[in-house]
Amino acid sequence: MKHLLLLFCLLPLFTKAQNTLSLAECVDLLVKNNLTYQQSNLQAEASQAQLKQTRSQILPQIYIAADQSLNVGRSIDQYTNAYIDEVYSYNAIGTGLRIPVFQGFKLQNQIRQGVLLKESFEENRTAVLNAQTVLLMQGYVNVLATKSLLEAADQQVASSQQQVDRVEKQVNAGVAASNLLFEIKAQLANDRFDQVTALNNYRTARLALFQRINIAPDDNVEFESLAPKDTTQHSDNAVAIFEDAQKTFPELRSAELYRQSFVYQVKSIKAENYPSIFMGTNIRAFYASTNTNLDYFKQLNATRNGSLSLSLNIPIMGRWVTRPRIELAKVQERQAQNTLDVTNQQLRQAIELAVLNLNAMADKYAAAQGQVESLTASFAVVESKLNAGVANIFEYSLAKANLAKAQANAIQAKYGFLMQQRLLQYYRQGNWEGVF
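Residues numbered from 1 in each chain as written. Predicted model: local features only at pLDDT ≥ 70, side-chain atom pairs only at ≥ 80, totals over all residues. Heavy atoms only, no water.

### Here we look at the nonpolar core
Thought 1: If you look at the biggest cluster of nonpolar residues, it comprises 49 residues, and the most contacted ones within it are Tyr140, Phe223, Leu347, Ile351, Tyr426 and Tyr427.
Thought 2: For this core, the secondary-structure elements that each account for two or more residues are helix 2 (23-33), helix 4 (106-173), helix 5 (178-213), helix 6 (238-248), helix 9 (318-388) and helix 10 (393-429).
Thought 3: The contacts of Ile351, once residues within four sequence positions are left out, are Ala238, Ile241, Phe242, Ala245 and Tyr427.
Thought 4: Judged by nonpolar contacts, the second largest core, of 13 residues, contains Val167, Phe379, Ala399 and Leu403. (Core = buried A, V, L, I, M, F, W, Y, C linked by side-chain atoms within 4.5 Å. Buried < 20%, exposed > 50% of the residue type's maximum accessible area, 1.4 Å probe, protein only. Helix = DSSP H or I, 4+ residues; strand = E, 2+ residues; numbered from the N terminus. Contact = heavy atoms within 4.5 Å.)

### Some details on a nonpolar patch on the surface
Thought 1: On the surface, a nonpolar cluster with roughly 740 Å² of combined accessible area is contributed by Val101, Phe102, Phe105, Tyr274, Met279, Leu308 and Leu310.
Thought 2: For the nonpolar patch, the elements supplying multiple residues, two or more each, are strand 5 (88-102) and strand 8 (305-313).
Thought 3: In this fold, Phe105 is placed in the loop between strand 5 and helix 4.
Thought 4: Residue classification places Phe105 among the exposed residues on the basis of a relative accessible area of 52%. (Patch = residues over 30% accessible without salt bridge, like charges linked within 9 Å, V, L, I, M, F, W, Y side chains within 5 Å. Areas by Shrake-Rupley, 256 points an atom, 1.4 Å probe, with all protein chains shown as cover. Salt bridge = Lys/Arg side-chain N within 4 Å of Asp/Glu carboxyl O.)

### Structural notes on the domain arrangement of the protein chain
Thought 1: Entries for the protein chain in the domain assignment read domain 1 (20-59 + 104-217 + 224-274 + 320-429) and domain 2 (60-102 + 275-314).
Thought 2: The C-alpha-based centres of domain 1 and domain 2 are spaced at 70 Å.
Thought 3: At the interface, 7 residues of domain 1 touch 7 residues of domain 2.
Thought 4: Across the interface of domain 1 and domain 2, roughly 500 Å² is buried in total on both sides, 61% from carbon and sulfur atoms.
Thought 5: Interface area lost by domain 1 to domain 2 is led by Leu59, Gly104 and Tyr274, which between them contribute 72%.
Thought 6: Linking domain 1 to domain 2 there are 0 salt bridges.
Thought 7: Along the contact surface separating domain 1 from domain 2 lie 1 residue pair in polar contact (both at pLDDT 80 or more).
Thought 8: Class assignment for the residues of the side of domain 1 that touches domain 2 results in 4 nonpolar, 3 polar and no charged. (Domains from an automatic or database assignment. Buried area = accessible area lost by both parts, 1.4 Å probe. Polar contact = N/O pair within 3.5 Å; in protein donor to acceptor, adjacent residues only side chain to side chain. Nonpolar A, V, L, I, M, F, W, Y, C, P; charged D, E, K, R; others polar.)

### Structural notes on the packing of helix 9 against helix 10
Between two packed helices, what matters for the description is the angle formed by their axes and the separation of those axes.
Thought 1: Relative to each other, helix 9 and helix 10 sit at 155 degrees, their axes nearing to 6 Å. The angle between helix 9 and helix 10 falls in the class roughly antiparallel. For the pair helix 9 and helix 10, the sense of crossing is left-handed.
Thought 2: Its residues assigned to classes, the contact of helix 9 with helix 10 comprises 26 nonpolar, 9 polar and 6 charged. (Axes fitted to C-alpha atoms, helices over the stretch in contact; angles between N-to-C directions. Parallel < 35°, antiparallel > 145°, perpendicular 65-115°, else oblique. Left-handed = near helix turned anticlockwise from the far one by under 90°.)

### Regarding the pattern of salt bridges
Thought 1: Under the defined criterion, the tally for this structure stands at 11 salt bridges.
Thought 2: As a salt-bridge pair, Lys106 and Glu272 come within 3.4 Å of each other at their nearest N and O atoms. One end of the pair, Lys106, is in helix 4; the other, Glu272, is in the loop between helix 7 (250-270) and strand 7 (276-288), with 166 residues separating them in the sequence.
Thought 3: In this structure Lys106 comes out as partly exposed when scored by relative accessible area, which is 23%.
Thought 4: The partner of Glu168 in a salt bridge is Lys185, and the shortest N-O contact between them spans 3.7 Å. Taken together, the positions of Glu168 in helix 4 and Lys185 in helix 5 put the pair 17 residues apart, joining distant regions of the chain.

### Focus: the sheet that holds strand 5
Thought 1: Judged by pairing direction, the sheet is antiparallel, and its 4 strands sit side by side in the order 2-5-7-8 without closing on themselves. On the outer flanks of this sheet lie strand 2 (61-71) and strand 8, each paired with one strand and no other. With direction set aside, neighbouring strand axes in the sheet form an average angle of 20 degrees.
Thought 2: Here strand 2 runs beside strand 5; their pairing, made up of 11 bridges, is antiparallel. Paired with Asn71 across the strands is Tyr88, a residue of strand 5. (Pairing = 2+ DSSP bridges.)

### Digging into the environment of Thr95
Thought 1: Within the secondary structure layout, Thr95 lies in strand 5.
Thought 2: Among the residues examined, Thr95 registers a relative accessible area of 34% and is labelled partly exposed.
Thought 3: Expressed as a C-alpha distance, the spacing of Thr95 and Thr322, which sit 227 residues apart in the sequence, is 34 Å.
Thought 4: Excluding its chain neighbours within four sequence positions, the residues that come into contact with Thr95 are Tyr63, Ile64, Thr281, Asn282 and Ile283.
Thought 5: At a separation of 2.9 Å, a polar atom in the side chain of Thr95 contacts the main-chain carbonyl oxygen of Tyr63.

### Things to note about the packing of helix 5 against helix 10
Thought 1: One way to put it is that helix 5 packs onto helix 10 with a least axis distance of 10 Å and a crossing angle of 15 degrees. Considered as vectors, helix 5 and helix 10 are oriented roughly parallel to each other. The crossing of helix 5 and helix 10 is right-handed. Contacts from Leu180, Glu183, Ile184, Gln187 and Asp191 in helix 5 reach Ile393, Phe394, Tyr396, Ser397 and Lys400 in helix 10.
Thought 2: For the contact of helix 5 with helix 10, the per-class residue count stands at 5 nonpolar, 2 polar and 3 charged.

### Some points on the side chain of Gln163
Thought 1: Position of Gln163 relative to the elements: it lies in helix 4.
Thought 2: In terms of polar contacts, Gln163 uses its side chain to reach the side chain of Glu383, at 3.0 Å.
Thought 3: If sequence neighbours within four positions are ignored, Gln163 has contacts with Ile184, Glu383, Leu386, Asn387 and Tyr396.

Here it is in structure tokens:
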């Protein structure tokens, strides 16, 4: 019985734990459910399949052939090569293979291009996940921030409601004028409007986060808070961080591999200007109904024949065809190089902005905390004066509004600081290990 009672006591705690998501768990859901990331997965799988298809072209082309025909009227007897005028059937079977001996290293360069494209799409898959994770982290922090703003708005409403209740008692006792009650109720109405706005912002942030991880919204799900990161052992030098990021970031590796792939595409196109050599062999046998002396299998045995061939193809005017394709591939290579330069620039600017924002948010958060402490003390004084009847409602409303604004600034600065800490740690490391 004691164990049963203990289980019932702990059940709400288990339920709460199951309905709480951490940032790391949200990332796991993102990997499973985000369609943008799944699309990059499919692109990587397609590049792998394309590489396998290219490699298969090096293998010998083995075939088995079978023919069946019914001849009517004047034709050539396949068995005697004589002209005949009758209805007869003809059946042939054979097998053979064809091997590319030399194609100017066309296939080899296509395979090298395919390997680079495969690696590029694999790096791009990681880059897409990183980009989606940054957006997820921003949404997650936004949920926490709007929740704190909602809690602050609730406190403002509760404070105004207490004043309304107090003034109502004073009005009923005849020690306060009714106009003071109307002014206090007007302040309460304003606070409730701000509360509704904060609630809508919180709900919107939650919905955006649920949509990011592609699961159904659930009002019972809560999100774990974030603790500040220790950044005292890390450098905030944007140049040094960018130089390290250039070696590890998948966005840059993907763009570089994609650019290199066009080098081998140009080589594979130029290979079409060189002579190509193919070797082939086949074995064949047939049956003709005009030969009544031999049955089916004896005819096949009697008509066995084979060949071994070596073919040489020399393009005469191939350059006229390949030259435009080579020019196009070189332009695409320059476009890929420009994409790489743009990616480098965007990463460098993102790191510079993250370093600047982290320092700015740290200063802003410290200033906002000091502002909240000062305005909290000031509001307490004004509220005491109002309760004593020596302050008017306008002083109270102004002090209350200033305090609410300072609290909102502190909340936004706090979560902005937490966001920038994690973002800059990601830029330093080039991965998400320990960031969450």
